[in-house]
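So you can see what is in the structure, the chains are spelled out below.
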Amino acid sequence: MFKDSDNQAEFELLMRATRHELFHFIIVQYQHLTLVSTVKNDLKAKYPERPFAEFNLENINPETFIRSILDCKTGFVFIEKFELLFQKDFQALAIGFNQRRDLFSTLPIQLIVFIPSGGNTLQLFQQTMPDFYSILNLSINLKAEILPEENLLKERFFENTNNSFDNIEEARKEIERIEKRLQTLENTPENIALKRQLISQLADAYSFSGDYLKSKDLLERLLLELEQQNDTDLDTEIATIQNNLALVLKTLGEYEQAKILLQKALISDEKNFGEEHPTTAVRYSNLATVLQALGDYEKAKILLQKALISAEKNFGEEHPTTAIAYSNLALVLQASGEYEQAKILLQKALISAEKNFGEEHPITASFYSNLALVLKDLGEYEKAKTLLQKALISDEKNFGEEHPTTAVRYSNLATVLQVLGDYEKAKILLQKALISDEKNFGEEHPTTAVRYSNLATVLQDLGEYEKAKILLQKALISAEKNFGEEHPTTAVSYSNLAMGLRYIGDYSAAKELLAKVLILHEKIFGELHATTAITYSNLALVLKDLGEYDQAKILLIKALSADEKNFGNSHPTTAISYSNLATVLQALGEYEQSITLLEKAYSIFYNHLGEQHPYTQRAKDNLDYVIQKSKK
């Protein structure tokens, strides 16, 4: 079964369409061949009493192929490589299908054909076989379960994880196609389900193109229409729309509303499927992502543990779905600083992926990347670099250099090279990622804005502060356009630009921007949220530069209180707050307290990250300096 909400919704449409043993012609578009096997296996498990015939157009006898299908009196008929019919070499066979359209439609079979996603395959189908296309009952589009990636600016940006399309142009073409289809679709009872499916797909395309408000509007109207029918048979579909709308709201920063919708969807799923059903597990995972955004790591962890229990029970420990559950839980553990536990889970996920897909599969590449980012947090930079290089080789082979997935990998590898001090190579990789994003998404898309900011941090390391400032300003323009001034992502852009201004000595402008960010974060998250704590610290650093030590001290104490509440007093994030506060106390001449805090910070870094980690070494150097200073 499918983990992500989009595939789950598509699969539920497929299940409803195949409930009765009547003729159905169904197209399944897929991003990776593993999805073909998943569809076939799940249908076989759902309907074990029905016969199944399987064909692959690469291995058939054209002269007897149509007769072989017609001889299937009932059950499922699967045809892989159906796109070959749109080529000249198969023209005679395509004509044969067209001529026998009416004969096919009298058979009580479910004819399911598989076509790769992307490109113009559906248009070619309509052009090549218009008569046969006219009896199409359902078309679904399944996406590869590529996991979300961590971007360069941890705690500052989110990565675009909508993998429905390769680029903006594809999404726009899909928007145009669906809108035309909706205009021509007759308003008849038999088309109601198809219309809802098309609207859901249209919302997905708008979301990918960055028009989240349009996506939100479509899903809200669709949800209202379904809820007004008061039909319990629609409960599952309503839960799916609630889920998809919640994910859009999450992107728009409307976390509380997203949380409410996902809680409703979860109640429905637990009622209809039970707590350990794969569909319910999807909802646990999605609700957990919202709770994580709200800083509620413990509740997010509990939900993901439930999702993992479901996966292990339903699929076993080495199944790809279970591997994804391991990875999702690991990402929350990573966010809450439980790096060793996250590492163990991602290693299990990786073993599963290598066994099920091989080393060069895109899913395996994602696990390499996620594990590498945890190793980076643990200070195991060379191991992280090796894994990310393997992931990049896979992605360049599978997707090419200019694909969005490859761009993410360039960016992730750059994070490690940056920590290792290889700024020039990091810069080259981020420039390649940026070229890809500008081509695929355009200059003002949120994904491109992430890359502007990522590249800016490396330029700052290289001392190219003015160039970094220009990129950060472009990122801010994108955020304000796409999300408005009071969105969390826009607040991040203000913060990043402020820190860029700090690099060039414009402390007053940096202070003004960070004060604005702080108002937003306290309003959105509250004073004790981890994101607000980061802003307290950033503003305090600027105040320290301005010599406003007392005010900096107040903010750093607030940041420390938030971190101790969220992470405990032995977490690396809390240790950073100890160090930051210690530097201000030292400037104020409060050496004894400064030394106490630096000793705590050093001990935490040493125990969690090891003696050679840069944080550990920096804390030791600071501690030695303050001790020397206190003796004078």
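J.: Can you help me understand the overall build of the protein chain in this one?
T.: A count of helices and strands for the protein chain gives 29 helices and five strands. Taking 26 Å as the expected radius of gyration for a compact globule of 632 residues, we find that the protein chain reaches 27 Å, a close match to that expectation. Overall size of the protein chain, expressed as C-alpha extent along the three principal axes, is 100 × 50 × 45 Å. Buried residues in the protein chain amount to 56% of all 632 residues. Counting only contacts in the protein chain whose residues sit at least 6 apart along the sequence, the fraction spanning at least 24 positions is 67%. Surface accessibility of the protein chain: about 26900 Å² in total, with carbon and sulfur atoms responsible for 49%. Of note, the protein chain has its 67 positive side-chain charges centred 1 Å away from the centre of its 89 negative side-chain charges.

J.: Got a minute to help me understand the packing of aromatic side chains in this structure?
T.: Ring pairs (aromatic) are described by centroid distance and by the angle formed between their planes. All chains considered together, the criterion is met by 20 aromatic pairs. Their ring planes at 45° and their centres at 6.1 Å tell us that Phe78 and Phe114 sit as a pair that is tilted. Placement of Phe78 in strand 3 (residues 75–80) and of Phe114 in strand 4 (residues 109–116) is noted, with a sequence separation of 36 residues between them. Ring geometry for Phe104 and Phe132: centres 5.3 Å apart, planes at 85°, overall edge-to-face.

J.: Would you explain helix 18 (residues 381–399) in this entry?
T.: Residues spaced three or four apart along an α-helix face the same direction, because each turn holds 3.6 residues. Taking 1.5 Å per residue, 19 residues should reach 27 Å; helix 18 reaches 26 Å between its end C-alpha atoms and fits that length. Against helix 17 (362–377), helix 19 (404–419) and helix 29 (614–630) lie the buried residues of helix 18.

J.: Is there a simple way to explain unusual backbone geometry in this structure?
T.: Phi is mostly negative for residues that are not glycine, and the peptide bonds are mostly trans. Unlike most non-glycine residues, Lys81 shows phi in positive territory, near 60°. Mapped onto the elements of the fold, Lys81 is located in the loop between strand 3 and helix 4 (91–99). Notably, Asn230 is not glycine yet its phi reads approximately 50°, a positive angle. With respect to the helices, strands and loops of the structure, Asn230 is situated in the loop between helix 10 (212–227) and helix 11 (235–251).

J.: Hey, could you run me through the packing of helix 26 (residues 549–567) against helix 27 (residues 572–587) in this one?
T.: Packed helix pairs are characterised by how far apart their axes lie and by the angle those axes make with each other. One can describe the packing of helix 26 onto helix 27 by two numbers: an axis separation of 9 Å at closest approach and a directional angle of 160°. Between helix 26 and helix 27, the crossing angle belongs to the class labelled roughly antiparallel. Here helix 26 and helix 27 pass one another in a crossing that is left-handed. Of the residues in helix 27, those in contact with Tyr549, Ala552, Lys553, Leu556, Ile557, Ala559, Leu560, Asp563, Glu564 and Phe567 of helix 26 are Thr573, Thr574, Ser577, Tyr578, Asn580, Leu581, Val584, Leu585 and Ala587. When its residues are assigned to classes, the contact of helix 26 with helix 27 shows twelve nonpolar, four polar and three charged.

J.: It is not clear to me how the sheet that holds strand 5 (residues 138–142) should be interpreted in this structure. Could you clarify?
T.: Sheet strands pair by backbone hydrogen bonding; their relative direction is either parallel or antiparallel. Strand order across the open sheet formed by five strands is 2-3-4-1-5, with parallel pairing between neighbours. Edge positions in the open sheet fall to strand 2 (52–56) and strand 5, since each of these has one partner strand only. Taking each pair of neighbouring strands and ignoring which way they run, the sheet shows an average axis angle of 20°. In terms of strand pairing, strand 1 (residues 24–30) meets strand 5 through five bridges, oriented parallel. Across the sheet, the residue bridging to Gln29 is Asn141, located in strand 5. Across the sheet, helix 6 (residues 121–128) touches strand 1, strand 4 and strand 5, and the angle it forms with strand 1 is around 145°.

J.: It is not clear to me how the pattern of salt bridges should be interpreted in this structure. Could you clarify?
T.: Side chains bearing opposite charge may pair, as long as their charged atoms lie close to each other. Applying the stated criterion across every chain, the model contains 39 salt bridges. Across the salt bridge formed by Glu275 and Lys306, the nearest N and O atoms sit 3.7 Å from each other. Of this pair, Glu275 sits in the loop between helix 12 (255–273) and helix 13 (278–293) while Lys306 is found in helix 14 (residues 297–315), placing the two residues 31 residues apart along the sequence. Classification of Lys306 by relative accessible area gives partly exposed; the value is 29%. Asp296 serves as the salt-bridge partner of Lys299, at 3.8 Å between the closest nitrogen and oxygen. On the accessibility criterion, Lys299 (48% relative accessible area) is partly exposed.

J.: Before we go on, may I ask you to explain the nonpolar core in this structure?
T.: Nonpolar side chains tend to gather and get buried jointly when the protein is soluble and globular. In this structure, Phe367 and Leu555 are the most contacted members of the largest nonpolar core, which totals 135 residues. Counting residues in hydrophobic clusters, the runner-up holds 34 residues, among them Phe86, Ile109, Leu111 and Met129.

J.: Help me understand the side chain of Thr448 in this model?
T.: You can see Thr448 is positioned in helix 21 (residues 446–461). The class for Thr448 is buried, based on a relative accessible area of 0%. Each residue touching Thr448, except ones within four places of it in the same chain, is listed here: Leu434, Asp437, Glu438, Phe441, Gly442 and Glu443.

Reading the values: the criteria
- Residues numbered from 1 in each chain as written.
- Predicted model: local features only at pLDDT ≥ 70, side-chain atom pairs only at ≥ 80, totals over all residues.
- Heavy atoms only, no water.
- Helix = DSSP H or I, 4+ residues; strand = E, 2+ residues; numbered from the N terminus.
- Rg over C-alpha atoms; globule rule 2.2 N^0.38 Å.
- Buried < 20%, exposed > 50% of the residue type's maximum accessible area, 1.4 Å probe, protein only.
- Contact = heavy atoms within 4.5 Å.
- Areas by Shrake-Rupley, 256 points an atom, 1.4 Å probe, with all protein chains shown as cover.
- Lys, Arg positive; Asp, Glu negative; His and termini not counted.
- Charge placed at Lys NZ, Arg CZ, Asp CG, Glu CD.
- Phe/Tyr/Trp six-rings, centres within 6.5 Å; stacked < 30°, edge-to-face > 60°.
- Expected span 1.5 Å × (residues − 1).
- Axes fitted to C-alpha atoms, helices over the stretch in contact; angles between N-to-C directions.
- Parallel < 35°, antiparallel > 145°, perpendicular 65-115°, else oblique.
- Left-handed = near helix turned anticlockwise from the far one by under 90°.
- Nonpolar A, V, L, I, M, F, W, Y, C, P; charged D, E, K, R; others polar.
- Pairing = 2+ DSSP bridges.
- Salt bridge = Lys/Arg side-chain N within 4 Å of Asp/Glu carboxyl O.
- Core = buried A, V, L, I, M, F, W, Y, C linked by side-chain atoms within 4.5 Å.

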